[in-house]
Amino acid sequence: MKRRNFFKVGAAAVAGTTLVSQSAAAAGSPNALISDRKEDQWLHLGTGKSETPVRHREESYDVAVIGGGAAGICAAVSAARLGRKVVLIQDRPVLGGNASSEMRVHLNGVNRLKTGLAERETGIIEEMLLHNRFENPQESFPVWDHVLYDFVIREPNITLMLNTQGIEAIMQGDRIAKIRCWQLTTETEYLISAPYFIDCSGDGLIAATAGAEYRTGREGKKEFDETFAPDEPDGWQMGASLLMSAKDMGKPVPYRAPSWAIKFDAENAHKRRKFDAYHEGIWWVEVGSDDDIIADQEINRHKLMGYLHGVWDYIKNSGKFPESANLALDWVGSLPSRRESRRFIGDYIHSEKDLTENRHFKDAVAFGGWGIDEHNPGGMENIHMAPTIFHAHFDEVYQVPFRSLYSRNVPNLLFAGRNVSQTHIALASSRIMATCALMGQAVGTAAHLCLEQNVTPREIAHKHIDALQEQLLRDDVYIPKRPAKDPLDLAKQSAEIIASSTKSGKPALLTDGIARDVNEDIHHWQSAELPAEVQLEWADPVTLSTFEIKCDTNVKRNIMMRKDSLNDELFNNSVPEEMVKFLSISARVSGKWQELGTISENRTRLIRFDFPPVKTTALRVRVTETYGKPTVKLFEVRAYA
Amino acid sequence: MMDCKRTLIATTATLLLILQGCGVETAEFITPGERPAAAAFSHSSEAGESEKTSAHKVRFYHPANKSGGEETRTLYQKFEDADAPYRGDYYMDVPSVYCGEGICKIDIVRLHWDWLGRYTHFSLEAPTDLEKGNEEDFTEADYQKLQTVLSNRDSGLADLTKDELILPNAGGERVDGLTGATVSLRKSDYVEGAIWTCYTLWHFANGELEGLIRNLSGDAAPAETLSALLATGSDAEAAFALQQFARRGLDSDQVTNLITRKLEQGNTTLYRDIFNYLQQLPTEKGLRVLQTFAATDDSHLRLMVLAYLQQLHELPDKKLLAELSHDAARWNSFNEIHRLLALLQSHALDDAEINRAISALLHHDNFVIARKAYWYLKEAPASATDHERLTEFGEKNRARL
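Quantities reported herein were computed from a predicted structural model and do not represent experimental measurements.

Participant: Residue-level account of the overall build of chain A, with values.
Facilitator: Counting its secondary structure elements, chain A contains 13 helices and 30 strands. Relative to the compact-globule value of 26 Å for 641 residues, chain A shows a C-alpha radius of gyration of 26 Å, a close match. Across its three principal directions, the C-alpha atoms of chain A cover 80 × 65 × 65 Å. Looking at chain A as a whole, 62% of its 641 residues are labelled buried. Sequence separation of 24 or more characterises 75% of the internal contacts of chain A that already satisfy a separation of 6 or more.

Participant: Residues and numbers for the packing of aromatic side chains, please.
Facilitator: Residues and elements named next belong to chain A. Throughout the structure, instances matching the rule amount to 30 aromatic pairs over all chains. With a centroid separation of 5.8 Å and an interplanar angle of 75°, the aromatic rings of Tyr314 and Phe321 are classed as edge-to-face. Using a relative accessible area of 15% as the deciding quantity, one classes Tyr314 as buried. Taken together, Phe264, Phe275, Tyr278, Trp284, Trp312, Tyr314 and Phe321 form an aromatic cluster joined through their ring pairs. The side chain of Arg562 reaches across the aromatic face of Phe571, ending 4.4 Å from its centre.

Participant: Which residues make up the interface of chain B and chain A, and what values do they have?
Facilitator: Of the residues lining the interface, 35 residues belong to chain B; the matching set on chain A comes to 51 residues. Approximately 3,500 Å² of surface area, both sides summed, lies buried where chain B meets chain A, with 52% of it carried by carbon and sulfur atoms. Remark: the boundary between chain B and chain A carries three salt bridges. With a closest N to O distance of 2.5 Å, Asp540(A) and Arg400(B) form a salt bridge. For the side of chain B that touches chain A, the elements supplying multiple residues, two or more each, are helix 2 (162-165), helix 3 (173-176), strand 10 (182-183), helix 13 (334-346) and helix 15 (367-379) of chain B. The element that contributes the greatest number of residues to the side of chain B that touches chain A is helix 15 of chain B, accounting for six residues. Counted by class, the side of chain B that touches chain A contains 13 nonpolar, ten polar and twelve charged residues.

Participant: Residue-level account of the pairing of strand 15 (residues 286-289) of chain A, with values.
Facilitator: Residues and elements named next belong to chain A. Burial of strand 15 is two-sided: the residues Glu286 and Gly288 facing one way and the residues Val287 and Ser289 facing the other way are all buried. As paired strands, strand 13 (residues 237-241) and strand 15 are joined by three bridges and run antiparallel to one another. Residue Ala240 lies in a different strand from strand 15, and its bridge partner there is Val287.

Participant: So what about the packing of helix 1 (residues 140-151) of chain B against helix 4 (residues 195-206) of chain B? Which residues, and what values?
Facilitator: All names here are of chain B. Contact geometry for helix 1 and helix 4: axes closest at 9 Å, N-to-C directions at 45°. The angle between helix 1 and helix 4 falls in the class oblique. The hand of the helix 1/helix 4 crossing is right-handed. Contacts between helix 1 and helix 4 involve Leu146, Val149 and Leu150 from the first element and Cys198, Leu201, Trp202 and Asn206 from the second.

Participant: Just give me the short version of the packing of helix 12 (residues 318-327) of chain B against helix 14 (residues 352-359) of chain B, but keep the residues and values in it.
Facilitator: Residues and elements named next belong to chain B. Contact geometry for helix 12 and helix 14: axes closest at 8 Å, N-to-C directions at 15°. One finds that helix 12 runs roughly parallel with respect to helix 14. In this structure, helix 12 crosses over helix 14, and the sense of that crossing is left-handed. Here Lys318, Leu321, Ala322, Ser325 and His326 of helix 12 lie close against helix 14, whose contacting residues are Glu353, Ile354, Ala357 and Ile358.

Participant: Could you give me a rundown of the domain arrangement of chain B, with the residues and numbers involved?
Facilitator: Residues and elements named next belong to chain B. Domain annotation of chain B identifies domain 1 (17-210) and domain 2 (227-400). Here domain 1 meets domain 2 over a buried area of about 350 Å², counting both sides, of which 72% is carbon and sulfur. Considering only the side of domain 1, the residues that lose the most area to domain 2 are Arg87, Trp115 and Leu116, jointly responsible for 80% of the buried surface there. Here domain 1 is connected to domain 2 by one salt bridge. The partner of Glu237 in a salt bridge is Arg87, with the nearest N and O atoms 3.3 Å apart. Applying the counting rule to domain 1 against domain 2 returns one residue pair in polar contact (both at pLDDT 80 or more). Residue composition of the side of domain 1 that touches domain 2, grouped by class: three nonpolar, no polar and two charged.

Participant: Before we move on, could you go through the sheet that holds strand 22 (residues 413-415) of chain A and cite the residues and values that matter?
Facilitator: Residues and elements named next belong to chain A. What the five strands build is an open sheet, ordered 7-6-5-11-22; its pairing is parallel. Each end of this open sheet is capped by a strand with a single partner; those strands are strand 7 (158-161) and strand 22. Averaged over all neighbouring strand pairs, the angle between strand axes comes to 20°, with direction disregarded. Where strand 11 (residues 196-199) meets strand 22, three bridges bridge the pair, whose relative direction is parallel. In the strand pairing of strand 22, Ile198 is matched with Leu414. Sheet contacts for helix 3 (residues 70-81): strand 5 (63-66), strand 6 (86-89), strand 7 and strand 11; angle to strand 6, the most-contacted strand, approximately 170°. Its contacts with the sheet place helix 11 (residues 433-453) against strand 5, strand 11 and strand 22, and it is angled at close to 170° to strand 11.

Participant: Can you explain the pairing of strand 27 (residues 580-589) of chain A? Please cite residues and give values.
Facilitator: Consecutive side chains along a regular strand alternate between the two faces of the sheet. All names here are of chain A. With seven of ten residues buried, strand 27 is to be regarded as a mostly interior element. In terms of strand pairing, strand 27 meets strand 29 (residues 606-626) through eight bridges, oriented antiparallel. Within strand 29, the residue paired with Phe582 across the bridge is Glu625. Taken together, the seven bridges between strand 27 and strand 28 (residues 592-599) define a ladder with antiparallel strand orientation. The partner of Ser584 across the bridge, within strand 28, is Thr598. Hairpin connection of strand 27 to strand 28: two residues between the antiparallel strands, including Ser590 at a positive phi of 50°.

Participant: I'd like a description of the sheet that holds strand 4 (residues 56-60) of chain A, backed by residues and values.
Facilitator: Residue and element names in this part refer to chain A. Read from one edge of the open sheet, four strands run 4-10-9-8, paired in mixed fashion. The open sheet terminates on both sides in strands that have one partner only, identified here as strand 4 and strand 8 (164-172). Within the sheet, the average angular offset between the axes of one strand and its neighbour, ignoring direction, is 20°. Two strands pair when backbone bridges link them, and strand 8 and strand 9 (residues 175-183) are joined in this way by eight bridges, in the antiparallel orientation. If you follow Gly166 over to strand 9, its bridge partner there is Cys181.

Participant: I'd like to hear about the environment of Asp317(B), residue by residue, with values.
Facilitator: Residue and element names in this part refer to chain B. By secondary structure assignment, the location of Asp317 is in the loop between helix 11 (299-310) and helix 12. For Asp317, a relative accessible area of 31% gives the class partly exposed. Sequence separation between Asp317 and Gln291 is 26 residues; the distance between their C-alpha atoms is 9.1 Å. Other than its neighbours up to four places away in sequence, Asp317 contacts Leu287 and Gln291.

Participant: Which residues make up the nonpolar core, and what values go with them?
Facilitator: Residues Ile125(A), Ile192(A), Phe402(A) and Phe547(A) are the most contacted members of the largest nonpolar core, which totals 151 residues. With twelve residues, helix 11 of chain A is the largest single contributor of residues to this core. Counting 69 residues, the second-largest nonpolar core is a separate cluster that includes Ile498(A), Ala84(B), Leu321(B) and Leu390(B).

Participant: I'd like a rundown of the pattern of salt bridges, residues and numbers included.
Facilitator: All names here are of chain A. Counted according to the given criterion, the structure contains 69 salt bridges over all chains. Of the charged contacts in the structure, one is a salt bridge between Arg638 and Asp486, with a shortest N-O distance of 3.7 Å. Highlighted residues: Arg638 in strand 30 (residues 633-640) and Asp486 in the loop between helix 13 (465-474) and strand 23 (496-499), separated in sequence by 152 residues. Each of the salt bridges in this network shares a partner with another, and the network as a whole consists of Arg215, Glu219, Glu223, Glu340 and Arg343.

Participant: Requested: an account of the confidence of the model for chain A, with residues and values cited.
Facilitator: Put simply, chain A has an average pLDDT of 93, and 94% of its residues get 70 or more. Overall, residues 1-30 of chain A carries pLDDT values under 50, and its contacts beyond four positions in sequence, including any with other chains, amount to 66 contacts.

Participant: Which residues make up unusual backbone geometry, and what are the values?
Facilitator: All names here are of chain A. In this chain, Leu530 is followed by Pro531 through a cis amide linkage whose omega measures -5°. Inspection of the secondary structure puts Pro531 in the loop between strand 25 (525-526) and strand 26 (532-551). In this structure, Asn163 is a non-glycine residue whose phi angle is positive, near 50°. Relative to the helices and strands, Asn163 is located in the loop between strand 7 and strand 8. Unusually for a residue other than glycine, Asn358 sits at a positive phi of about 50°. Among the structural elements, Asn358 can be located in the loop between helix 9 (352-356) and strand 18 (364-368).

So, how was this worked out
Residues numbered from 1 in each chain as written. Chains lettered and ligands numbered in written order. Predicted model: local features only at pLDDT ≥ 70, side-chain atom pairs only at ≥ 80, totals over all residues. Heavy atoms only, no water. Helix = DSSP H or I, 4+ residues; strand = E, 2+ residues; numbered from the N terminus. Rg over C-alpha atoms; globule rule 2.2 N^0.38 Å. Buried < 20%, exposed > 50% of the residue type's maximum accessible area, 1.4 Å probe, protein only. Contact = heavy atoms within 4.5 Å. Phe/Tyr/Trp six-rings, centres within 6.5 Å; stacked < 30°, edge-to-face > 60°. Lys NZ or Arg CZ within 6 Å of the ring centre and 35° of its normal. Buried area = accessible area lost by both parts, 1.4 Å probe. Salt bridge = Lys/Arg side-chain N within 4 Å of Asp/Glu carboxyl O. Nonpolar A, V, L, I, M, F, W, Y, C, P; charged D, E, K, R; others polar. Pairing = 2+ DSSP bridges. Axes fitted to C-alpha atoms, helices over the stretch in contact; angles between N-to-C directions. Parallel < 35°, antiparallel > 145°, perpendicular 65-115°, else oblique. Left-handed = near helix turned anticlockwise from the far one by under 90°. Domains from an automatic or database assignment. Polar contact = N/O pair within 3.5 Å; in protein donor to acceptor, adjacent residues only side chain to side chain. Core = buried A, V, L, I, M, F, W, Y, C linked by side-chain atoms within 4.5 Å. pLDDT = per-residue confidence, 0-100.

Here it is, written out as structure tokens:
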């Protein structure tokens, strides 16, 4: 823990050490192209021709998203659904980042507050997890990869580029004009231009090569008045973990550690290095760095593989785990799941007190609530220390401000995920994937608004934050302490809302702007039975073409896929029984009810009906079936012209 | 002289030290902080007059019982008032914990209920002290908290199964360092370190036994007593009487007259029980009670009348529907009008008087109500006058229909 890195790096400083020079790249010289194939000696046996393969492409999009983890997917999908042409660039063969089958970390979020309950994220991340509940009930990680693939490629406005790494930003003044990408599988260089770029890649190579300011390491206590920070700043970054899983072979199976295994030092290991459910991986097989953690990655990967086998050797051969006799490794990771590296600097740096004092931000766009979970500096290399310290747990969720999600010195660069503008201590909580996903949806939506208003992200923060928040709320993001007040929502103008029968709540709460129950405050209407109806009456006719409903999916119960497939009060391994399955809506036109739409197998919390414009004075929702509950609970209805 | 026991009792407000003889209990209140050590509880006192107690073998389910089947225990009923045998309080000795993790010390706890099945307090026989999971004895604060927990009928403990109670690896312990086993409950719902004790005792205190006690008391109460409770008892006693009438299928003019009186008094807390009772009566009798209230000013009561009529399969009394329709002109609730018109529509009534009454709604101050009536009447056969009114309304409000 010797030194601290505070980088203010120009693009040339970074790019110059690894890639082509910034000036050459900026000039767009063909000499700079990685895919220059002029020297090829290619005889095409099929055609008999000798030609030069062309593997260089230039493409333009409205928004370029780098990184296909939870944050990147949500950024891409949100911008695409709002009508923007989006490219999603992912350097791996699969989507999902740390949660992909390559790494298999649980996609956690606000799993449990001090109240004992979850406060689950909604919006796009929930839709992804629900999609998985339908398509992957077997809870297979490789199938989850394909669920995410489906979730992305079904969006007509998204171009997905897998096995493609964004390696360099090409600048025009202080803005990113293009990014240079290399697609490993096709030996193709891409130059992607876009007015706005979103770096959700975790390590943030594109943002770094753009010259976006960033920092690494731990802030000292003083800088942000952080209780849990070290007295003095240093360079430590939380490590990456390498997971594995084992299966029961039904008979004893011997295990011999490979040559590179590093013996587990059980004698000196801290007692909190527990072996609970070790057959599903041990998260504290982790190695960090106090310097350039990115440069250390391959060294650390090799160490982690050694530590993983060393720990497994201890489990199998120390005699302390006789129940492991029949277990054999079924899957071992080769790609460590990273927690921390660069943190880019925005107009605001989110820090410990923002979380612990539950500070309110006028530009709040996301929330978090995982405890401040700071992993041991050094990981396995500090074996005598506890693997993590939970400095704090939360009574309620905290807000994430939009000003921490864009660069303060590169005006068309946004970011989401673990690389956002925050201190090391804030990261110890907000790095959790579902929290990152909320940030992703916020920046994807913001990029759309930047295009719509022709402004920078900074101007969104200062002049258009209401528009951003309203769009997010409409798209089912929960922003704590920020009720929706969309003036275009005609449901709020209805004269009456009545319901067939009521078990709890009130029909009038369906337009109160808060789409979940918060602490003891009820914001729902629940029927006493099924079928059940809700009816909106307007004093004067309104013309409608969209009707939206937010139904119950029980946000107090987690729905992420887990290796242990937990199913209890807090974790659910099936489709939430509360969710609406079968419903229809009708409008009253000239005194007659006219059906506008029916959904027989609804799969989302936010249910949207689009229909040809209809002039009406009343709209009726009829819910016939849920996925198990004998009643239906709704949180919001909205109507739009 | 008989041996007597000193007993620790917790009520919501205080800890009590009970000097329990074979018949008489005297109480010494001990405020938190003053509770003597458990070992000091051993005591004896003069026996008093013998208390009359009867024992009932009862069978019921307890969600923490691993067998999953019914269990049989003895429930004791104390008779303190010979003139009112139904009024005796109840108690039962139960195990302090159905252990979920196989590492619990099991004590006997005496739970007490009043004659309406409402849990009142618990007591322990000295020198017993309840123990938490970490082998520490309950503190005074823990006993107070336990009493609060057991007294909360809306506790989160109610809906949990025993398998849902403990989260062995809450929140991702296996992958990302969230520590320790914990419980899926609000902290106010349990004593920390004693979740299984709280769960076990709460379900004894507030589970099926509550209904069994009410029925035992109800069986001991003659119909006249139940009538008296309905007439002059507290809300809880009146609700008890209504439930027992319904359970025993008792039906008399006296009862319906009493219910009418309760409805006249506008006691909304009893409406649900009254509704449930009336639903069990022959329709004719139920209607007889409710038709008195067709013109009530009480919106809750009107909704009850409408709900009652809605659930009838046969066509309700037209006279009652006509009365409601006439009265609707002064209703201000769109919801009530909506329900009334839905009721009329469901029976496809062709009644000139009712239609005339509904047409009065065309002049309602609330336009949404007036329009609702308009569309109803457009579907119903109308007289020439009604037709004229409808046309006039339609033309005047053409843009708002």
